[in-house]
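# Chain and residue survey
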Amino acid sequence: MFRNQYDTDVTTWSPAGRLFQVEYAMEAVKQGSAAIGLRSKSHVVLACVNKTSSELSSHQKKIFKVDDHIGVAIAGLTADGRVLSRYMRNECINYFYTYESQLPVGRLVVQLADKAQVCTQRSWKRPYGVGLLVGGLDESGAHLYYNCPSGNYFEYQAFAIGSRSQAAKTYLERKFESFMDSSRENLIKDALFALRETLQGEKLTSSVCTIAVVGVGEAFHILDQETVQELINEFEIAGEEAPVAEPAAPDQAGVAGPAAPDQAGAAEPAADDDTLAAPGDQGAAPMDM
Amino acid sequence: MTKQQANWSPYDNNGGTCVAVAGTDYCVIAADTRMSSGYNILTRDYSKIIQLADKSVLASSGFQADVRALQKVLAAKHLQYQHQHNKQMSCPAMAQLLSNTLYYKRFFPYYAFNVLGGLDHEGKGCVFTYDAVGSYERVGYSSQGSGSTLITPFLDNQLKSPSPLLLPARDAVTPLSESEAIDLVKTCFASATERDIYTGDKLEILVLNASGIRREYMELRKD
């Protein structure tokens, strides 16, 4: 993607029918550190990599509880993510006040998507620079959605966003068909494996990642560090072993992509490759994750 | 030409009585379960008590539609607080929130007479008593509602609360044990039920202490 004369305003179309500002916003998502989501019939697991801007600072919060039955993992401009989380929390609270029942996940993501769309059609606004993996439970079961800055959203069996997410997606594409009937433990295990793929050699420890779970009879909560470390040790996936050391799972032959197209929107730029270790990662502006 | 008066009121009084007593490490909150309108009983089994947080319990008598609305607003506010602060609201904080919420509707009040009970930061029992527009103070015990005029003098006699005007500030909580306080509350309601027509049917008691919360019921006269 090169700088051109059609990318100054979000309200300017390019001759090829693209809104470059929106696409640039989606670039911001790719620069953030990885976030992964998977779901089964009864549970949704969200996992993310904790990136710190320096050794001295604490890591940014990337997973937010929205309600007892919904949580969200973000990648991109964390500040935008925080603001949208606050919006989602308020929507859940207001819905419960009016209807005395939980806001269905599908309704929430539509409201979120509509909110994002507004910013793509106002000259005085900019698109939100954050991608959201919304995981939740409602009467129709467990759901995982991806909301992107363009205002599009899709439902997924499993998905990964952020830098080096392609490595995780490759892993998930191989295993996703077994997720629907997966147990809670196996789902978390697969999340950890997928997360490890994005670390590309770095050691997987509980200080580097955050895991959150929501399920039938289990309110959304972030697992504490000790629990995560125990799980990592149990699954023996810390360290730099080759991915060959995975447990015997029925090898999925056909690499059918996940349930919905990876990239949101028709006119996606083809150039970008997530697996390139983006040098922008380390030198990212403090507000980016 | 006489001034025209309203022939419809947005309010109704559903009667009932609420009591709360604070102890050194517990708090007892109680209310009857009768809901009336005029001389009719609407139901014998309606709870006036709600647990708003880990350590805060609200009992309210008056117009139950307003009470329910007030409870929902406080519950929603509490959820927002938890999202922002990553912890539950303390009882004194909830007390202030309730006061502000009531005063917010100063010119169309919630017809609710509230007693808030719980444990403070030190784990001691605390009781806050309110009027309909949010004026409140922390006390050692309180009663609100249709039977309050019968119960309050009895509690004054039994619990001897020091005046809040005295200095140095004296501890308002009762030295009674938890079971003694519960018996006292049961006696209060048994007596109030005798003479107050709006109080009776069943008594619901909530006991809040360090080990958590407990619920108890006692039958009252149904006439």
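From a predicted model like this one, the values you see are computed outputs, not experimental measurements. (Residues numbered from 1 in each chain as written. Chains lettered and ligands numbered in written order. Predicted model: local features only at pLDDT ≥ 70, side-chain atom pairs only at ≥ 80, totals over all residues. Heavy atoms only, no water.)

## What to know about the sheet that holds strand β7 (residues 153–155) of chain A
Residue and element names in this part refer to chain A. The test is simple: In this description, strands pair whenever DSSP reports at least two bridges between them. Helix and strand labels come from DSSP, where a helix needs a run of H or I of at least four residues and a strand needs a run of E of at least two; each type is numbered from the N terminus. Helix axes use the C-alpha atoms of the stretch in contact, all axes being lines fitted to C-alpha atoms, and the angles between their N-to-C directions lie in the range 0 to 180 degrees. The criterion used for residue contact is that any of the two residues' heavy atoms lie within 4.5 Å.
Overall, antiparallel pairing links the five strands, which are arranged β3-β4-β5-β6-β7 in an open sheet. The sheet terminates laterally at β3 (63–67) and β7, the two strands that pair on one side only. The average undirected angle you get between the axes of adjacent strands in this sheet is 20 degrees. Pairing of strand β6 (residues 141–147) with β7, which is carried by three bridges, proceeds in the antiparallel orientation. Bridge pairing in β7 places Y145 opposite E155. Strands β4 (70–76), β5 (130–138) and β6 of the sheet are contacted by helix α1 (residues 20–31), whose axis makes an angle of about 100 degrees with β4. This element, helix α2 (residues 78–99), spans β3, β4 and β5 of the sheet and lies at about 15 degrees to β3.

## What about helix α3 (residues 148–159) of chain B?
All names here are of chain B. The line we're drawing: To estimate the expected span of a helix, count its residues, drop one, and scale the result by 1.5 Å.
Here α3 spans 15 Å end to end across 12 residues, near enough to the 16 Å set by a 1.5 Å rise per residue. Where α3 is buried, its residues touch β1 (17–22), β10 (141–145) and α4 (178–195). One or two steps after α3, the chain reaches K160, where phi turns positive at roughly 45 degrees.

## Section: the packing of aromatic side chains
Residue and element names in this part refer to chain A. Operational definition: Here is the rule: rings of Phe, Tyr and Trp (six-membered ring for Trp) pair when centre to centre is within 6.5 Å. Planes less than 30 degrees apart are stacked, more than 60 are edge-to-face, and the remainder are tilted.
Tallied over the full model, the rule gives 12 aromatic pairs over all chains. Centroid distance Y95 to Y99: 4.6 Å. Interplanar angle 40 degrees. Geometry classified as tilted. Residue Y95 and its partner Y99 are both found in helix α2; the two are separated by four residues, about one turn of the helix. Between Y146 and F159 the ring centres are 5.2 Å apart and the planes differ by 50 degrees, which places this aromatic pair in the tilted class. Residue Y146 is found in strand β6, and its partner F159 is found in strand β8 (residues 158–161); the two are separated by 13 residues along the sequence.

## Observations regarding the pairing of β4 of chain A
All names here are of chain A. We count it as follows: Note on exposure labels: buried denotes an accessible area under 20% of the residue type's maximum, exposed denotes more than 50%, and partly exposed covers the range between, all computed with a 1.4 Å probe on protein chains only.
Counted residue by residue, β4 has seven buried out of seven residues, so it is predominantly covered. On β4, burial covers both faces: I70, V72, I74 and G76 on one face and G71, A73 and A75 on the other are all buried. Where β4 meets β5, seven bridges bridge the pair, whose relative direction is antiparallel. If you follow G76 over to β5, its bridge partner there is V130.

## Details of the packing of α2 of chain A against helix α3 (residues 105–118) of chain A
Residue and element names in this part refer to chain A. Convention followed: For classification purposes, an angle smaller than 35 degrees is called roughly parallel, one larger than 145 roughly antiparallel, one from 65 to 115 roughly perpendicular, and anything else oblique. For any pair of crossing helices, the crossing counts as left-handed if the nearer helix is rotated counterclockwise from the farther one by less than a right angle, and right-handed if it is rotated clockwise. Three classes are used: nonpolar for Ala, Val, Leu, Ile, Met, Phe, Trp, Tyr, Cys and Pro, charged for Asp, Glu, Lys and Arg, and polar for all others, with Gly counted as polar.
Where α2 meets α3, the axes come as close as 11 Å, and the angle between the chain directions of the two elements is 135 degrees. As summarised for this structure, α2 and α3 are arranged oblique, according to the angle between their axes. Note that α2 runs across α3; the crossing there is right-handed. For the pair formed by α2 and α3, the contact residues are L84, Y87, M88, E91, C92 and Y95 on the first element and R107, L108, Q111, L112 and K115 on the second. Residues belonging to the contact of α2 with α3 are distributed by class as follows: seven nonpolar, one polar and three charged.

## So, α2 of chain A
Compared with the 32 Å implied by 1.5 Å per residue over 22 residues, the 31 Å span of α2 of chain A between its first and last C-alpha is a close match. All buried positions along α2 of chain A are accounted for by T78, D80, G81, L84, S85, M88, R89, E91, C92, I93 and Y95 of chain A. At its buried positions, α2 of chain A is contacted by β3, β4, α3 and β5 of chain A together with α1 (64–85) of chain B. In the stretch just after α2 of chain A, E100 of chain A is the one whose phi turns positive, near 50 degrees.

Just distances and angles here, no functional claims.
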